[in-house]
Amino acid sequence: MKKSFLRFTAAGSLLLTAVSPSAVLAETSSFFQYGEEELSVSQIARYDSMAGEGGTEIMAYDAGSEKAFITNGAEAGLDIVSFSTLGSGQYQQLESRKRIQVSEFGLEQVDDITSVAAHPNEDLIALSVVSAPKTDPGYVVFLTKDGEYIKAVQAGALPDMVTFTPDGTKLLAANEGEPSDDYRVDPEGSISIIDIMEGSPAAEAKTLSFSEDKLDESVRTSSRGTVLQQLEPEYITITEDSRTAYAALQENNAIAEINLETETIDSVKGLGVKDHSVPGNELDGVENGSMEIETLPLLGLYMPDAIDTFTADGQTYIVTPNEGDARDYEAYSEEVEIGDIIDSIDLNADHYEGYTQEELDERIENGLLEKMEDTEITAENGEVGGTYEALYSYGARSFSIFDAETMDLVYDSGSEIEEITAEALPEHFNTNNDELEFDGRSDAKGPEPETTVTGEVDGTTYAFTALERFSAVMVYDITDPADASFVTMISSRDFSEDIAGDVAPEGLTFISASDSSTGEALLAATHEMSGTIAVYELSEKTGENGSVFQDIDEDYWAYPHIKELQENGIVTGRADGTFAPSEEVTRAQFAVMLSRALDLEQDSDRDGVFEDVPEWAADEVKAVYEAGIATGKTNGRFFPQDPITREQMAAMLVRAYEYQTGETAEAAEISYNDRDSISSYAHDSVEKAAGLEWMTGTGDGMFQPKEASTRAQAAKVISMLKHDLEE
């Protein structure tokens, strides 16, 4: 496992990001990256549905139109957002171009949109629409990519996910078939297939039913209802050749294989369990206000949610985010806490590889079960003759890679997810998505891996796994599936509040460099709790000649200053590993750099000072303003997007120096040919900046006070300020 450092790229990171004059200049103050820098990641855009929880759930992307289609559960609708304005390294706030309500479809007694898919080349998107009640057959609704209604095709009960085959000839829907809360109605789960001929969907779906003879013995069907009623397909992934689909049956801890040439369900295979008594599979399974990642007598049911497939050396693999999910309804629930059944527990070491019976008995005698009394398990597994010989928990707190043909486990991330989040943000270890509570989810599925997508960046295949509760994305190199390795973790959650920034990633969409408007690969994460989407730009980071940035050699005049600030977290580079030294710096960006260089105290509770300062810079601009380092211009405005001029830079630098030292800087006599063009407010500061030897004139004796400053110039003077303050 590779681990190195936590890199916060907050407001000032945009300083080193290419920004065109027309781009919206903003940044999130909460984005961070933890891990090796072999993959460079930056947040380049954010969409806020303004609907709060449920406002963004699942997203589909169409490369041809550069549109994103986003299910909005809070509004029972679909938002259409253009990605065409995205540029490499340019941060911007995206806005919805159109919102479509499910009520507009003319369907009676429909409730919600659960999923969306975009046809690979036709003017067609598909939505899965749930009926009211959810136990009635639902629909797949087809629209144009402009949101115009085409038709609705009936599917099975509770269509939870839709997807087109890569060749565009079929649409598949996973009909979960959940029971009613009172369990009076429990539909069978199924898979619907709708043919797409020349861009036109068929009028009827072919719905595939499961049969018991296709299930292997490890498929989990020990719950209430018939075997077929218990089968609940949740998510579908399709191979690149469009011949085979795989459906995750989460509650059943199984994967179904669907032959798309014969349109039959060929098999349903159980995934087995993860033995948390084995070293390497440790977890923190106890909520007790402390961080204890240890072996425990728990058998984790993988129970994946949103799966994906990829190929390596001609072999197909399935990647699973091992979330876990229980049947929990008013009329029936399998959930129990260990304390509820403690008198019925007599653990047998034959079920655990990590313990002898003597070792297991000793741990229990020392109070292990009492310690785990609040830990959530299922009452449906582990019981033999009225006694629980083994304890089964939900999810595996990991992501796994399975051989698609045999469903043999090829790789599992073990205990790494909890270990890495513990290292990165220990104060928020196993926190929840709606409440910042240290250790709050340890007794119930931990960080909760929700969804996994795969994608290739500069020749390397990665798996991206979203952690719903912790609110982060784990990135692994899976080029060699059996030897996958952790690369980095990213998040744009603001951990200063319970729900701030981008919280609870529900869906991930990988956009290849060839399909991206930026020319670099993108990852879009829909965050259910905050109702937002974060768009991250991805690229391999490979500096030249030992340089920290690709476009700056070590002999570049400002390189030592840039390198120093980069190492101190004051500046970062663009997503493509460049610095763009000759581009202009804005007033907000320079203020943020000064705030970081001086380590000014941030206070998000302070009232705003300038109404035009974007959220990403607001706290740091306030800190600089309240220190007397920066001032506004007119009518209470800061004009954050304006390039900072040389005289403005001189004034802010000198104020920063005098604020930090409590001394008045000495002025030097200046004889610039354009000294009369220096603004009166800045004249004294220009003299002091010259006295401190931070800023000098040009070769022709000019100061050029109204000229914009570049990134390289800004890095140099900030570096010089830091050195003078440290002497």
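Residues numbered from 1 in each chain as written. Predicted model: local features only at pLDDT ≥ 70, side-chain atom pairs only at ≥ 80, totals over all residues. Heavy atoms only, no water.

Enquirer: Just to check I follow, could you spell out the sheet that holds strand S24 (residues 308-312) for this structure?
Expert: Read from one edge of the open sheet, four strands run S24-S25-S31-S32, paired in antiparallel fashion. The open sheet has two free edges, formed respectively by S24 and strand S32 (409-412), since each of these has just one partner strand. Adjacent strand axes in the sheet meet at a mean angle of 25°, parallel and antiparallel pairs treated alike. Pairing geometry for strand S31 (residues 399-403) and S32, over three bridges, is antiparallel. Within the sheet, the bridge partner assigned to Ser400 lies in S32 and is Asp412. (Pairing = 2+ DSSP bridges. Helix = DSSP H or I, 4+ residues; strand = E, 2+ residues; numbered from the N terminus. Axes fitted to C-alpha atoms, helices over the stretch in contact; angles between N-to-C directions.)

Enquirer: What exactly am I supposed to notice about the pattern of salt bridges here?
Expert: Side chains that differ in charge, positive against negative, can pair when their charged atoms come close. One pass over the structure, following the stated rule, counts 30 salt bridges. Between Lys145 and Asp62 there is a salt bridge; the shortest N-O distance is 2.8 Å. With Lys145 in the loop between strand S11 (137-143) and strand S12 (149-157) and Asp62 in strand S4 (residues 59-62), this residue pair connects regions lying 83 residues apart in the sequence. When its relative accessible area of 7% is taken as the criterion, Lys145 is described as buried. The closest approach of N and O atoms between Glu263 and Lys206, which form a salt bridge, is 3.4 Å. With Glu263 in the loop between strand S20 (254-259) and strand S21 (264-270) and Lys206 in strand S17 (residues 206-209), this pair connects stretches of sequence that are 57 residues apart. The class for Glu263 is buried, based on a relative accessible area of 14%. By relative accessible area, Lys206 is classed as partly exposed at 40%. Ionic contacts of the salt-bridge type, sharing partners, join the residues Lys170, Asp195, Lys206 and Glu263 into one network. (Salt bridge = Lys/Arg side-chain N within 4 Å of Asp/Glu carboxyl O. Buried < 20%, exposed > 50% of the residue type's maximum accessible area, 1.4 Å probe, protein only.)

Enquirer: How should a negative patch on the surface be read in this particular structure?
Expert: Where like charges cluster on the molecular surface, the negative patch consists of Glu53, Asp434, Glu435, Glu497 and Asp498. By secondary structure assignment, the location of Asp434 is in the loop between helix H4 (416-424) and strand S33 (449-457). (Patch = residues over 30% accessible without salt bridge, like charges linked within 9 Å, V, L, I, M, F, W, Y side chains within 5 Å. Areas by Shrake-Rupley, 256 points an atom, 1.4 Å probe, with all protein chains shown as cover. Lys, Arg positive; Asp, Glu negative; His and termini not counted. Charge placed at Lys NZ, Arg CZ, Asp CG, Glu CD.)

Enquirer: What exactly am I supposed to notice about helix H8 (residues 646-661) here?
Expert: Structurally, the α-helix is built with 3.6 residues per turn, so residues lying three or four positions apart point the same way. Between its first and last C-alpha atoms H8 spans 23 Å; for 16 residues at 1.5 Å apiece the expected length is 22 Å, and the two agree. Residues of H8 that are buried include every one of Arg646, Glu647, Gln648, Met649, Ala650, Ala651, Met652, Leu653, Val654, Ala656 and Tyr657, and no others. In this structure, the buried side of H8 is in contact with helix H6 (587-598), helix H7 (615-626), helix H9 (680-691) and helix H10 (711-726). Just beyond H8, the residue with positive phi is Gly662, at close to 75°. (Expected span 1.5 Å × (residues − 1). Contact = heavy atoms within 4.5 Å.)

Enquirer: How do you make sense of the packing of aromatic side chains when you look at a structure like this?
Expert: To describe a pair of aromatic rings, you give the distance between the ring centres and the angle between the ring planes. This structure, assessed with the given rule, holds 22 aromatic pairs. Pairing Phe32 with Phe495 gives two aromatic rings, centres 6.3 Å apart and planes at 45°, and the pair type is tilted. Taken together, the positions of Phe32 in strand S2 (residues 32-35) and Phe495 in the loop between strand S36 (485-491) and strand S37 (505-511) put the pair 463 residues apart, joining distant regions of the chain. Summarising the burial analysis for this pair, Phe32 and Phe495 share the class buried. (Phe/Tyr/Trp six-rings, centres within 6.5 Å; stacked < 30°, edge-to-face > 60°.)

Keep in mind these numbers describe shape, not what the thing actually does.
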